[in-house]
Amino acid sequence: MQEQKTSENRIGQCFSGEGSQDRLFCSSGELPVGRESVLEGIFAVVIPPTTEMGEIDRARLIELTEETLESRGVSGITCLSSQGEFAYLSQVERHIVAETVIRTVNGRYPVLVGTSAVATSEAIAYSRHAADAGASALLIAPQTYIPLNAEEVYHHYEEIAMATKLPIRVYNNPMATKFDITPGLMARLAEIEGLTSIKEASGDASRVEEIRIATKDRPVKVFNGLHSTSLDAFFHGASGWDVTLLPALMPACVELYETAAIQKDWEKAKSLFRRLLPLFTFFKSHGVNRSLRAISELIGAPIGPPRKPIAPLAYEFREKLNSILNSINIKTL
């Protein structure tokens, strides 16, 4: 009850960076001129640390957010995405994570808050809370239990957009949601005011270019959403990377992004990607969240176990993971 009261007391606060002349991220939800322009580059997804009892470790969340912000090349922070375990958190816990991250960032960088939910009304409630807490933008995937059709998904986003003034990043993650936001549907969604970008995680990197073509009349920024498709996505024109990582892994991925997406040095980018591919393949086989929590233990900066029923990485796979980390010069215990 005390945590819930603390969470409620924070709602409505404004946060601004130290020394900044203007408040960038305010509880009113109003968008300063040029707000959309900062929503590009690498957005680092922060996994909420947990105690051994499985509760949110707020102190460690603050530390992890600060450590992530200190990583060179990070453009923004994302919380409560799929790897941020939003689906396994209560409403109060989701509020606590969003508010803690926003307050920690304190206006220094944009903060993208995941507000996905099965019911439209629930997604609107989470979106309004994120706006009140000072989020810069929202990340929303169409969560399904009963299968949805394209028209239902369109109206889902339309109603959320009407309820908040924050930019919305559409999240296409059909492996998890069982619904695929096709380039054609994205072209329709782009007509909704406020839908300014998409996190593309279908596994088909050519979708990046297809979306760019389909939305040429109302361009949206396309973010790569998977580790394993990153190089191909950048080749097809992805303007950013919404990626779940730990601070120790950030330098290598920032270098890959800058080399491919900005410098267009494809030979060097291929070499960097090949070096990281065993790790990305491990993520694909064993799960990103589970793998990163195991990595945090191996490097001596633990962030706790995943939320049940997700189990920690089995010990028989940790030796292989340790070897992969050593191959990319990540020191382990």
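Being a predicted model, the structure only gives us computed values, none of them experimental.

With that settled, the discussion passes to the sheet that holds strand β4 (residues 137–140). With parallel pairing, 8 strands are arranged side by side around a closed barrel as β1-β2-β3-β4-β5-β6-β7-β8. Each strand of the sheet is rotated relative to its neighbour by a mean of 25 degrees, with strand direction disregarded. For strand β7 (residues 221–224) and strand β8 (residues 240–244), the ladder comprises 2 bridges, and the chain directions are parallel. Among the inter-strand pairings, F223 is bridged to a residue of β8, identified as G240. Together, β4, β5 (168–172) and β6 (195–200) form the strand contacts of helix α5 (residues 150–163), whose direction differs from that of β5 by roughly 155 degrees.

Let us now look at the pairing of strand β1 (residues 41–46). Summarising burial for β1: 6 of the 6 residues are buried, a large majority. By the bridge criterion, 5 bridges tie β1 to β8 in an arrangement that is parallel. Across the sheet, the residue bridging to G41 is G240, located in β8. Here 5 bridges tie β1 to strand β2 (residues 74–79), and the two strands are oriented parallel to one another. Within β2, the residue paired with A44 across the bridge is I77. Chirality of the crossover, the property in question, places the unit of β1, helix α2 (residues 58–69) and β2 among those that are right-handed.

The next point concerns the packing of helix α4 (residues 120–133) against α5. Orientation of α4 relative to α5, taken along the N-to-C sense of each, is 30 degrees, at an axis distance of 9 Å. Classed by the angle they form, the pair α4 and α5 counts as roughly parallel. Between α4 and α5 lies a crossing whose hand is right-handed. Where α4 abuts α5, its residues T120, A123, I124, S127 and R128 lie against H156, E159, I160 and A163.

Parameters at a glance
Each chain has its residues counted from 1, following the order in which its sequence is written. For a predicted model such as this one, the threshold for reporting local features is a pLDDT of at least 70, and the threshold for listing and counting side-chain atom pairs is 80 or more; totals across whole chains, interfaces and linings nevertheless cover every residue. Heavy atoms from the whole structure form the basis of all side-chain values; hydrogens and water molecules are not counted. In this scheme, strands are said to pair when DSSP sees at least two bridges between them. Helix and strand definitions here come from DSSP, where helices need a minimum of 4 consecutive H or I residues and strands a minimum of 2 consecutive E residues; each element is numbered from the N-terminal end. The angle between two axes is taken between their N-to-C directions and runs from 0 to 180 degrees, where each axis is a line fitted to C-alpha atoms and a helix contributes only its stretch in contact. By the convention used here, residues are in contact when the closest approach between their heavy atoms is within 4.5 Å. Note on exposure labels: buried denotes an accessible area under 20% of the residue type's maximum, exposed denotes more than 50%, and partly exposed covers the range between, all computed with a 1.4 Å probe on protein chains only. The definition of a right-handed crossover adopted here requires that, viewed with the strands pointing away, the path from the first strand over the helix to the second runs clockwise. Should an angle fall under 35 degrees it is called roughly parallel, over 145 degrees roughly antiparallel, and 65 to 115 degrees roughly perpendicular, with every other angle called oblique. Here a crossing is called left-handed whenever its near helix is offset anticlockwise from the far helix by less than a right angle, and right-handed whenever the offset is clockwise.

So, to be careful, I would describe these as geometric facts and stop short of saying anything about function.
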